[in-house]
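Architecture at a glance
Next come the chains, spelled out residue by residue.
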Amino acid sequence: MQHRSDKQPSLRGAEEPPLVKWLLISIALGFCFVFLLIPLANVFVQALSKGLVYWANALAEPDSLAAIRLTLLVAAISVPLNVLFGLAAAWAIAKFEFPAKTLLITLIDLPFCVSPVVAGLTFVVLFGLQGLLGPWLEAHGLKIIFAVPGIVLASIFVTFPFVARELIPVMQATGSEQEQAALTLGANGWQTFWHVTLPSVKWGLLYGIILCNARAMGEFGAVSVVSGHIAGKTDTMPLRVEKLYNEYDAAAAFAVASLLVLLALFPLAVKILIEWRQGRREV
Amino acid sequence: MADKKYNALPGFGLTMGFTLFYLSAIVLIPLAALVCRALALSWAEFWRLATTPRALAGYRLSLETSLLAAAANALFGSLLAWVLVRYRFPGRRLIDAIVDFPFALPTAVAGLTLASLFADNGWLGRCLAPLGIKGAFTPLGIVIALTFVGLPFAVRTLQPVLENLEREVEEAAATLGAGRLRTFVSVIAPVLMPAVLTGFALAFARAIGEYGSVVFISGNLPFKTEIAPVLIVTRLEEYDYAGAIAIAVVLLVFSFLLLAGINLLGQWASRFER
């Protein structure tokens with residue numbers, strides 16, 4: 001789009017009257033203010049409504065600390081696995097031709113369309129006590145549902161497509177000529193991937209990781225179904241938020257929520273700042 | 001992608017194998033297990049569980065609120081995309097950046113903060129109360145939460161299409177005597193329609209399954225403000241697995257149909273590509 005009419009200011013008749021233009025801008029700004037900025041600001045205002053000490057104490061409670069640890073653990077397992085999958089799937093789909101490619105892409109998209117509650121339920125059906133593998137698991141002393149492995153599985157399911165979805169179009173757009181050249185010059189497969197492919201997709205990869213991480217930390221529906229809500233053991237941060245809210249401790253609920261927002265949005269904010277400094281446009 | 005006859009790149013077997021294994025283990029086998037369990041029910045039993053009056057009320061509420069939210073997203077999302085692409089104004093880059101954050105904001109936090117804002121004593125609920133409008137714990141609250149989570153879909157689907165639009169065509173329309181409104185209706189809108197519809201469908205698909213943000217703001221009263229995903233959780237908490245599975249399968253089938261519809265829309269949209 002850069003090479004076209006952006007530079008020439010004369011777009012006669014192809015612009016709205018100034019009144020319409022500023023009206024549209026005002027509506028857009030007002031909508032963003034009410035629907036995006038106020039809800040975000042509200043999290044922090046409510047979190048600090050009883051003061052900084054109350055905020056810190058709410059977070060330092062043993063059950064909250066356990067929830068923070070569990071959320072970080074879940075993200076630390078599910079994000080790298082989905083990154084590995086995203087890289088493998090994007091490599092196979094973007095660099096090679098094979099039959100039923102569209103079907104494979106659709107299947108990768110599937111978790112986006114499945115309700116998180118249904119996602120959680122599938123794991124209960126598979127691994128729960130009354131589930132298909134439940135009796136076998138119990139006989140061997142393994143616990144997946146109402147335990148950490150179930151939470152990790154549910155988080156992986158809902159964040160499954162994020163990295164792959166960001167990487168596939170970027171890898172398709174760059175093509176494979178550069179990799180072919182690297183191989184001709186004597187690089188092996190790993191070197192080609194590491195020095196040629198990875199640098200060319202790093203922004204897409206970073207964005208995928210940020211979204212995947214945010215969703216893994218913040219997932220509520222799927223995790224709620226498989227977790228069993230055992231305080232200090234299987235409560236993640238979003239579940240802890242719900243529990244505090246139901247106990248009518250809104251300030252504490254918002255305190256945990258505010259930390260969750262910082263963990264989920266901070267990487268996104270950093271990425272946006274880096275992009276602004278480099279003058280790149282958002283993809 | 002140009003050279004397909006001779007592809008010297010290594011790793012197809014490894015990456016494809018891992019992709020299929022991981023996809024099966026995480027997504028396909030669990031979903032198949034759910035469908036298997038539903039098939040174990042007799043058809044009459046399944047039908048009875050899936051169409052209890054409470055379940056029907058849940059589907060209906062889910063559909064209505066999701067349609068309204070998706071429509072609101074299509075409207076405001078298109079407006080936002082238009083303003084972001086076409087106009088230069090202070091704060092544009094900030095708006096462009098924060099459009100994404102319903103994607104990244106944990107849904108439970110979204111539900112919590114919206115519920116507190118639209119409660120009768122909340123910042124926004126207080127403004128609505130004199131008008132006789134109740135935000136939180138009503139179907140309107142559900143629509144608000146679903147609009148929040150679906151907004152980025154509508155904006156981000158339309159934005160690239162708008163950016164690639166040829167401005168010259170609009171100039172030509174103006175030269176030929178069309179007013180700005182006429183140009184918009186007969187020249188611009190038809191090209192944007194597939195993207196707007198795709199954004200609508202994506203936001204709708206997300207809204208139908210949404211749980212985290214709704215559960216805080218809706219109040220979850222059976223027959224009044226209980227959406228279908230919330231009913232699944234209620235059934236599970238009652239240890240009524242068959243009931244939960246029956247409703248889940250209905251939602252799942254609906255998701256598949258939507259996904260198929262979105263793919264068809266994508267093919268329709270690409271007919272404009274050069």
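Criteria and cut-off values
Residues numbered from 1 in each chain as written. Chains lettered and ligands numbered in written order. Predicted model: local features only at pLDDT ≥ 70, side-chain atom pairs only at ≥ 80, totals over all residues. Helix = DSSP H or I, 4+ residues; strand = E, 2+ residues; numbered from the N terminus. Buried ≥ 20, exposed ≤ 12 C-beta atoms within 10 Å, placed from the backbone. Contact = placed C-beta atoms within 7 Å. Nonpolar A, V, L, I, M, F, W, Y, C, P; charged D, E, K, R; others polar. Axes fitted to C-alpha atoms, helices over the stretch in contact; angles between N-to-C directions. Parallel < 35°, antiparallel > 145°, perpendicular 65-115°, else oblique. Left-handed = near helix turned anticlockwise from the far one by under 90°. Core = buried A, V, L, I, M, F, W, Y, C linked by C-beta atoms within 7 Å. Domains from an automatic or database assignment. pLDDT = per-residue confidence, 0-100.

**Quick look at the overall build of chain A**
Within chain A one finds 14 helices and zero strands. When the elements of chain A are put in sequence order from the N terminus, they spell out α-α-α-α-α-α-α-α-α-α-α-α-α-α. Counting only C-alpha atoms, chain A reaches 65 × 55 × 30 Å along its principal axes. Counting the 283 residues in chain A, one finds 44% classified as buried.

**A few points about the overall build of chain B**
Within chain B, the secondary structure is distributed over 13 helices and zero strands. Along chain B, helices (α) and strands (β) appear in the sequence α-α-α-α-α-α-α-α-α-α-α-α-α when read from the amino end. Dimensions of chain B, computed from C-alpha atoms along their principal axes, come out at roughly 70 × 65 × 30 Å. Considering chain B as a whole, with its 274 residues, one finds that 47% of them fall into the buried category. Counted over contacts in chain B with a minimum sequence separation of 6, partners at least 24 positions apart contribute 78%.

**Some details on the interface of chain A and chain B**
Contacts between the two partners involve 83 residues from chain A, matched on the other side by 82 residues from chain B. Residue contributions to the side of chain A that touches chain B peak at 15 residues, all from helix α1 (residues 18–47) of chain A. Of the residues assigned to the side of chain A that touches chain B, the class counts are 58 nonpolar, 16 polar and nine charged.

**A few points about the packing of helix α10 (residues 180–209) of chain B against helix α13 (residues 241–269) of chain B**
Residue and element names in this part refer to chain B. Two elements in contact, α10 and α13, have axes whose closest approach is 10 Å; the angle formed by their N-to-C orientations is 165 degrees. Regarding the angle of α10 to α13, the classification is roughly antiparallel. Relative to α13, α10 is oriented so that their crossing is left-handed. Between α10 and α13, the contacting residues are Pro194, Ala195, Leu197, Thr198, Ala201, Leu202, Phe204, Ala205, Ile208 and Gly209 on the first element and Leu251, Phe254, Ser255, Leu258, Gly261, Ile262, Leu265, Gly266, Trp268 and Ala269 on the second. Among the residues making up the contact of α10 with α13, the classes are represented as 15 nonpolar, five polar and no charged.

**Some details on the nonpolar core**
Grouped together as the largest cluster of nonpolar side chains are 167 residues, with contacts concentrated most on A:Leu121, A:Val256, A:Ala257, B:Ile247 and B:Ala248. Ranked by residue count, the leading element in this core is helix α3 (residues 62–95) of chain A, at 14 residues. Split by domain, this core shows at least three residues from each of two domains, domain 1 (13–47) and domain 2 (52–278) of chain A. Residues within four places of A:Ala257 in sequence aside, it is in contact with A:Val43, A:Ala47, A:Val241, B:Val109 and B:Leu112.

**Describing unusual backbone geometry**
Residues and elements named next belong to chain A. Of note in the backbone geometry, alanine 100 takes a positive phi value of approximately 65 degrees without being a glycine. Locating alanine 100 in the fold gives a position in the loop between α3 and α4 (101–113). The phi dihedral of phenylalanine 146 is positive, around 60 degrees, even though this residue is not glycine. Structurally, phenylalanine 146 is set in the loop between α6 (134–139) and α7 (148–159).

**Observations concerning the domain arrangement of chain A**
Residues and elements named next belong to chain A. Under the domain assignment, chain A is made up of domain 1 (13–47) and domain 2 (52–278). Contact residues are listed per partner, giving four residues for domain 1 and eight residues for domain 2. Counted by class, the side of domain 1 that touches domain 2 contains three nonpolar, one polar and no charged residues.

**Looking at the confidence of the model for chain B**
All names here are of chain B. Across chain B, pLDDT averages 89, with 97% of residues at or above 70. Note on residues 1–5: pLDDT is under 50 here. Beyond four places in sequence and across chains, it has six contacts. Scoring of the predicted complex yields 0.90 for pTM and 0.89 for ipTM.

**Details of the environment of B:Ser116**
Topologically, B:Ser116 is positioned in helix α6 (residues 107–118). Taking the C-alpha atoms as reference, B:Ser116 lies 9.2 Å from B:Phe216; in sequence the two are 100 residues apart. Setting aside residues no more than four positions away along its own chain, B:Ser116 makes contact with A:Asn42, A:Gln46, A:Ala250 and B:Gly122.

**Remarks on the environment of B:Val253**
Here B:Val253 lies in helix α13. Here the alpha-carbon distance between B:Val253 and B:Val35, two residues 218 residues apart in the chain, equals 10.0 Å.

**Observations regarding the environment of A:Ser258**
Residues and elements named next belong to chain A. Within the secondary structure layout, serine 258 lies in helix α14 (residues 250–278). The exposure class assigned to serine 258 is buried, which follows from the 22 C-beta atoms found within 10 Å. Considering only alpha carbons, one finds serine 258 and glutamate 61, 197 residues apart in sequence, at a separation of 15 Å. Filtering out sequence-adjacent residues up to four positions away, serine 258 remains in contact with Val43, Phe44 and Ala47.

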